Number of protein chains: 4
Amino acid sequence: MQATAELQVIPLGAGVSVRREIERVVALLGRHPLLIETHASGTNIEGELHEILDAVETVHATLHAEGAVRLVSYLKLETRSDKVPTLAGKRL
Amino acid sequence: MQATAELQVIPLGAGVSVRREIERVVALLGRHPLLIETHASGTNIEGELHEILDAVETVHATLHAEGAVRLVSYLKLETRSDKVPTLAGKRL
Amino acid sequence: MQATAELQVIPLGAGVSVRREIERVVALLGRHPLLIETHASGTNIEGELHEILDAVETVHATLHAEGAVRLVSYLKLETRSDKVPTLAGKRL
Amino acid sequence: MQATAELQVIPLGAGVSVRREIERVVALLGRHPLLIETHASGTNIEGELHEILDAVETVHATLHAEGAVRLVSYLKLETRSDKVPTLAGKRL
């Protein structure tokens, strides 16, 4: 089942600037067979729902393995049965 | 890796009232080995991160199989490496 | 126009534990004419939409005045014209 | 106090496609002195916090006046005291 999504990951206790962690999140997402589009408030994602969820799990596991103490993620997920959802189809 | 989460699922095109679908979401979550607590703005969840993500995938797949045309989910995820995160530990 | 809402405030750069800031958020919300219900993933709110938004502005201004460097808030807002939305009416 | 934000508005009971309502949201935001950038999962906003919250209130009031029965909004808000937050500064 294809889905579109938006992911924002916030590391707590990592200081005021979290740019390094966000760049790492985007790099990790990029290793999965997903279409990704970064923007100022998160990263939009298109791909198989299972693959998106797998990528989110990898992001949490990897950032913790690399030293992150606490992570909060916000994930919006959209699926639909009447047509294949795409990021392109959701743009105005 | 244990996580805490909050899930809110919104069916689009299902009419103004979505109570039936929300009750179905909670029932589906309840089949997984997760601690769940419903509240007015969603369902709080505690359990293995992998299990939570698997439950979310099941919710989308099942609701579509049962007729939902479009689903939007909002999932907050929290993990931490310094202690085991629990819903009890996050209450004030 | 009455609304229901959920607010979660995350201070960045404040360390791994943010309990003190969250307690402050709830205390500040409590000064407004709003019904509030805390839970493990945020605070549910019922009241006039304008009052809710005013409270959110006060929370950001006050926490910054008290030393917070960076704040991220997640606010869910629900309004409806067919009946008065309440937290009680949204519970399962 | 300047803020950056992301707004996503979901009309319930308006059918599966909500493009018309989303275009209306963006048009209404555009009447306020705010920088707005639409993307596939919402609209990023930069401006005075008070103005952003005022715009959100206007969106809900106007869409209801134009016939929307139920509206759910997701608003991310970011403020910081160490520098002026901008959408440009948040892009990777």
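Residues numbered from 1 in each chain as written. Chains lettered and ligands numbered in written order. Predicted model: local features only at pLDDT ≥ 70, side-chain atom pairs only at ≥ 80, totals over all residues. Heavy atoms only, no water.

Right, let's talk about the interface of chain B and chain A for a bit. Facing the 25 residues of chain B at the interface are 25 residues of chain A. Roughly 2,300 Å² is buried in total at the junction of chain B and chain A, and carbon and sulfur atoms are behind 55% of that figure. Interface area lost by chain B to chain A is led by B:E57, B:R70 and B:L77, which between them contribute 21%. Connecting chain B to chain A are two salt bridges. B:E78 serves as the salt-bridge partner of A:R70, at 3.1 Å between the closest nitrogen and oxygen. Those elements that provide at least two residues to the side of chain B that touches chain A are α2 (49–65) and β4 (70–80) of chain B. Counting residues per element, the side of chain B that touches chain A draws most heavily on β4(B), at 11 residues. (Contact = heavy atoms within 4.5 Å. Buried area = accessible area lost by both parts, 1.4 Å probe. Salt bridge = Lys/Arg side-chain N within 4 Å of Asp/Glu carboxyl O. Helix = DSSP H or I, 4+ residues; strand = E, 2+ residues; numbered from the N terminus.)

It is worth spelling out the relation of the copies chain B and chain A at this point. Screw-axis analysis of chain B against chain A gives a translation of 0.0 Å along the axis, an RMSD of 0.0 Å, and a rotation angle of 180°. Within this description, the copies of the chain are treated as partners about a two-fold rotation axis. Identified as the residue of chain B closest to the rotation axis by C-alpha distance is B:L75, at 2.5 Å. When the interface residues of chain B are mapped onto chain A, 100% of them again lie at the interface, so the same face is used by both copies. (Least-squares fit on C-alpha atoms with pLDDT ≥ 70 in both.)

Let us look at empty space enclosed by the protein. Using the criterion set out here, one finds five cavities of 30 Å³ or more in the structure. Here the largest cavity is characterised by a volume of approximately 220 Å³. If you go around the largest cavity, you meet 17 residues; those closest to its centre are A:Y74, B:Y74, B:K76, C:Y74 and D:Y74. Elements that contribute at least two residues to the lining of the largest cavity include exactly β4 (70–80) of chain A, β4 of chain B, β1 (2–12) and β4 (70–80) of chain C together with β4 (70–80) of chain D. What the second largest cavity holds in volume is close to 60 Å³. Residue lining of the second largest cavity: A:H50, A:L53, A:D54, A:E57, B:H50, B:L53, B:D54 and B:E57, and that is the complete set. Of all the secondary-structure elements, those providing two or more residues to the lining of the second largest cavity are α2 (49–65) of chain A together with α2 of chain B. Considering only residue class, the lining of the second largest cavity consists of two nonpolar, two polar and four charged. (1 Å grid on protein atoms, 1.4 Å probe; cavity = no way out; pocket = protein on both sides within 12 Å on 5 of 7 lines; lining within 4 Å. Points joined across faces, edges and corners; volume = space filled by probe spheres on them. Nonpolar A, V, L, I, M, F, W, Y, C, P; charged D, E, K, R; others polar.)

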